[in-house]
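So you can see what is in the structure, the chains are spelled out below.
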Amino acid sequence: MKVFPGDVIVVDFPGVSGTKRRPAVVLSSEVYHASRPDVIVGLLTSQTAAALAPTDYPLQDWKSAGLRIASAFRCFVATLPLMAQPIIVGKLSERDWESVRERVRRALALELSSGSGSEG
């Protein structure tokens, strides 16, 4: 199954108390997918009131993303085999996808420093 960045999928997601079937957003790029047999995903949760950290983001367009209830992105990231048979339920809106990407940059220290344009 082919997935793309920003896709909302339902997958067996590893957690503290075991594996649970839950929604997630695809974070890995098409370049990554071209050479890897897995997918990098971030957690989506219906516990929106608890999503208060600077790396959390309450989705604004959760209905159009194929989610049944209001949800938030939490920067709990996992790499899963595509053999896990994810079910694609939708795609994040452009504004939600940009906000999720910003939270991932914050969480993983990927923010560009001002003035330099690039790191490295």
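For every chain, the first residue of the written sequence is number 1, and numbering continues from 1 along that sequence. Reporting of local features is limited, given that this is a predicted model, to residues whose pLDDT is at least 70; pairs of side-chain atoms are given and counted only at 80 or more, and all residues count toward the totals for whole chains, interfaces and linings. With hydrogens and water excluded, all non-hydrogen atoms of the structure serve as input to the side-chain values.

Let's talk about the layout of surface pockets
Working step 1: Every definition here rests on a 1 Å grid over the protein atoms only: cavities are sets of points where a 1.4 Å probe fits but cannot get out, pockets are open sets enclosed by protein on both sides within 12 Å along at least five of seven lines, and lining residues have some atom within 4 Å of a point. Grid points are joined across faces, edges and corners, and a volume is the space filled by probe spheres set on the points. Its boundaries defined by the atoms lining it, the largest pocket holds a volume of some 350 Å³.
Working step 2: P23, L67, R68, I69 and S71 are, among the 15 residues lining the largest pocket, the residues nearest its centre.
Working step 3: With four residues, strand β2 (residues 18-26) is the single largest residue contributor to the lining of the largest pocket.
Working step 4: Per-class residue counts for the lining of the largest pocket are six nonpolar, five polar and four charged.
Working step 5: Put simply, the second largest pocket is a space of about 190 Å³.
Working step 6: Lining the second largest pocket, in full, are L27, S28, S29, Y32, I40, V77, W97, R101, V104, R105, L108 and L110.
Working step 7: Think of it as three bins: nonpolar holds Ala, Val, Leu, Ile, Met, Phe, Trp, Tyr, Cys and Pro, charged holds Asp, Glu, Lys and Arg, and polar takes everything else, Gly as well. When grouped by side-chain class, the residues that make up the lining of the second largest pocket number eight nonpolar, two polar and two charged. By the criteria applied, helices consist of DSSP H or I runs no shorter than four residues and strands consist of E runs no shorter than two, each listed in order from the N terminus.

Details of the confidence of the model for the chain
Working step 1: In the predicted model, the chain carries a mean pLDDT of 89, and 91% of its residues have values of at least 70.
Working step 2: Each residue carries a pLDDT score, the predictor's confidence in it, ranging from 0 to 100. When the elements of the chain are averaged for pLDDT, strand β1 (residues 7-15) gives the smallest value, 88, and strand β4 (residues 57-58) the largest, 97.
Working step 3: Contacts are assigned to residue pairs that have any heavy atoms within 4.5 Å of one another. Across residues 115-120, where pLDDT falls below 50, the model places four contacts with residues more than four positions away in sequence or in other chains.

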